[in-house]
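The residues making up each chain are set out below.
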Amino acid sequence: MNKILFYFLLLLALPFILLVIIAPMNSDNQYMFGFICIAIVFVLGFSKSKKATLIMIVMSTLMSLRYIYWRSTETLHFNSTLEAVLGIALFLTELYALVILLFGYIQTTWSLKRTIEPLPEDTSLWPTVDVYIPTYNESMDVVRDTVLAAQCIDYPKDKMKIYVLDDGKRSEFAVFCADAGVGYITRTNNNHAKAGNLNNAMTVTQGELITVFDCDHVATRAFLQATVGSFLVDERLALIQTPHYFYSPDPFERNLTEARKVPNEGALFYGPVQQGNDNWNATFFCGSCAVIRRSALEEVGGFAVETVTEDAHTALKMQRRGWNTAFLSLPLAAGLATERLGLHVIQRTRWARGMTQIFRVDNPLLGRGLNWQQRLCYLNAMLHFQYGLPRVIFCVAPLFYLLFNLNIIASSAGLIFAYVLPHLVMSIYINSRANGRYRHSFWGEIYETVMCFHLVIPTLLTLISPKHGKFNVTDKGALLDVNYFDFHIVRPHIIAVILLLLGSAWGIIRMAMPDHFGANPQVIMLNIAWASFSMIILLASIAVARETRQVRKTIRVEASLPAVIYFASGAAMRTETVDLSMGGVKLKTQDERFLKEPIEEVELALQSGSVSFPVELIDADKSVVRLMFKELSIEKRRELVRVVLARADAWIRTEPYPRDRPLRSLLGIIRCIFELFYFSWQDRRERKQQKKEQKKQPSVEQVQEKEQTV
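Report on the accompanying structure.

Rules of the game
- Residues numbered from 1 in each chain as written.
- Predicted model: local features only at pLDDT ≥ 70, side-chain atom pairs only at ≥ 80, totals over all residues.
- Heavy atoms only, no water.
- Patch = residues over 30% accessible without salt bridge, like charges linked within 9 Å, V, L, I, M, F, W, Y side chains within 5 Å.
- Areas by Shrake-Rupley, 256 points an atom, 1.4 Å probe, with all protein chains shown as cover.
- Salt bridge = Lys/Arg side-chain N within 4 Å of Asp/Glu carboxyl O.
- Lys, Arg positive; Asp, Glu negative; His and termini not counted.
- Charge placed at Lys NZ, Arg CZ, Asp CG, Glu CD.
- Helix = DSSP H or I, 4+ residues; strand = E, 2+ residues; numbered from the N terminus.
- Buried < 20%, exposed > 50% of the residue type's maximum accessible area, 1.4 Å probe, protein only.
- Pairing = 2+ DSSP bridges.
- 1 Å grid on protein atoms, 1.4 Å probe; cavity = no way out; pocket = protein on both sides within 12 Å on 5 of 7 lines; lining within 4 Å.
- Points joined across faces, edges and corners; volume = space filled by probe spheres on them.
- Nonpolar A, V, L, I, M, F, W, Y, C, P; charged D, E, K, R; others polar.
- Phe/Tyr/Trp six-rings, centres within 6.5 Å; stacked < 30°, edge-to-face > 60°.

**Concerning a positive patch on the surface**
On the surface, Arg684, Arg687, Lys688, Lys691, Lys692, Lys695 and Lys696 cluster together to form a positively charged patch. Mapping Lys691 onto the fold places it in helix H23 (residues 662-696). What makes Lys691 exposed here is its relative accessible area of 55%.

**Things to note about the sheet that holds strand S5 (residues 218-219)**
A sheet is described by the order of its strands in space; here three strands give the open sequence S5-S10-S7, paired in mixed fashion. Strands with a single pairing partner mark the edges of an open sheet, and in this sheet they are S5 and strand S7 (245-246). Both S5 and strand S10 (residues 333-335) contribute to a ladder of two bridges, which runs antiparallel. Across the sheet, Val218 pairs through a bridge with Ala334, a residue of S10.

**Observations concerning unusual backbone geometry**
Within the chain, Cys289 stands out as a residue other than glycine whose phi angle is a positive 60°. Here Phe442, not a glycine, exhibits a phi torsion of approximately 75°, which is positive. In this fold, Phe442 is placed in the loop between helix H17 (413-435) and helix H18 (443-464).

**Here we look at empty space enclosed by the protein**
For the structure shown, the criterion picks out three cavities of 30 Å³ or more. One number sums up the size of the largest cavity: a volume of about 50 Å³. As for the largest cavity, its lining consists of Asn255, Leu256, Thr257, Ala543, Arg546, Cys672, Glu675, Leu676 and Phe679. The element that contributes the greatest number of residues to the lining of the largest cavity is H23, accounting for four residues. When grouped by side-chain class, the residues that make up the lining of the largest cavity number five nonpolar, two polar and two charged. Computed from the structure, the second largest cavity encloses a volume of approximately 40 Å³. Class assignment of the residues belonging to the lining of the second largest cavity gives a composition of seven nonpolar, no polar and two charged.

**With respect to the packing of aromatic side chains**
Per the counting criterion, the structure on display carries 23 aromatic pairs. For the pair Tyr67 and Trp70, a centre-to-centre distance of 6.1 Å together with 40° between the ring planes defines the contact as tilted. With Tyr67 and Trp70 both in helix H3 (residues 50-74) and three residues apart, this pair spans about one turn of that helix. Note on accessibility: Tyr67 and Trp70 belong to one class, buried. Seen in terms of ring centroids, Tyr678 and Trp681 are 5.9 Å apart; in terms of plane orientation they differ by 40°. Their pairing is tilted. With a gap of three residues between them, Tyr678 and Trp681 both fall in helix H23, about one helical turn apart. Among the residues examined, Trp681 registers a relative accessible area of 40% and is labelled partly exposed. Taken together, Phe269, Tyr270, Phe284 and Tyr378 form an aromatic cluster joined through their ring pairs.

So, in structure tokens, the structure goes:
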């Protein structure tokens, strides 16, 4: 459909659209209208066609606009200044949610599923690439395998150079780089943190393309061959971004049983959102796992240093200059997720501050160089991180009536239900249909509610004063020996739940004696239902703070490789591997010889040939033996990285996540709450049991006294 025809049809439909949005109805007619629309959407849901989805999105949009129009014209009448302030705050919160919903529809409905552009057979035509691995305070254990994996990338060695950019200025890293055969770059100061580190490296390297890997992101061998071809096809391509895949569980996956069964927090962004951005030529740099054209970077003065999210800001600058960006939805590298909820909060706060800084200092709505779709995609990303205050308001809003009898919506409960129900049902259902493979219903509320109280002050302060604040490095690679509950992070959530419980209890009392308190039972019921939903989301968010043990340092991958076990006696036994990690290997055994003879080495048959690794026994049973690798040379560890972490298909899922079912998803979240109480009770019981056992054991003094007596 050409643009002229589209705008002509839109003009014809405009009277009908306006009629749907503004036509006044009493509650009975509005209920009927809403139910009919919901029924039509559900019937359309049986069709899997794209056209049906578009119709459903249009219907949802109209119903949401109808709701917000009704709210703005008929419900903003207040009896006091306080009610006016709170009521307008709630209305602005709903307006914000509507804008994000509509922007999301536009951003994700037309996604681009980009494929790999093959490189020419003549490797002399391939561009030169500099691989940057910036680091500051991360341990060698984290950085080592990233460097070795980069060396395993299948690309002509004379066209690829690897550099560790060490802002920590550590001699240990310089020695390792020399031994491994990669470049080591440091500088006399740490100005502008990561962006300054990358810009400094640009002054001493010459590659036509620059690839950036965070120091924990291990690349697969196919990374450059899958991404570089796009730069030869499109001479104006400045950037190609690939997903950030995490091989370790994030705090939600580790601490909530149900979170392991649903797509993780990043799946929606590195799926429909970035694919939608790509369709509108608005993909932005995410700081790692991307390839960037040097000439585009040089044209904008290098990586952006004005904000703490140098990645998105750099992409925005390049696109203002007319460069293109792309997103390849293929996991070609993997890294460590944040290990603790506290670290997760610090990282996301930095992201929120950075996007707010861009909103202030380089607003995508202003300035030249962007089309309206690009402006909208960038704006949506920046507005998204402003969710802190709106979500807090939405969570605690029912308290204003339940505890203080303040009317912040001037309408009857029946009419509110009649308008809000179709708006909510249709938006939840359509989002589930469109993005259910990448984000299950209500999990977005959990992710945002965990963060919301912590984002309010940083985002507001940054809006007022965008130049304040500094870059915070996210610590990675640590382990956790014991379970514990992080009260500090969820203290505001706990206070909110207590207040909502008190408000609901007081509401029930007032509802039981409506004449005495002069309360409207229907309005109380509406607010109690609202408070109950808030409590479910808040309690599930609190459950994330129950940090569970994490003792495994390395990921274990299933791999069936021919192997030979060598015993100290000189005997050998042929077998095969069951799984493999950077720490050790599990092998099948045909007998129990390991009970009598120590094992010295295991030989693995890799593609590059057989390699022997010194090992020591961890444990064994009749069918398998578990061995731990001893200290490995750089060459042997590189071989291990090649087979464990750098395989081309290492992180590609063979099966998609199950499709979302909103009610089942809500039940899963409620289960998280039950587990919070059950596991907390279990932890307390175990601690009591341990204390009892400790009391039963005699103290050192008692033992000494007894020995002296004897």
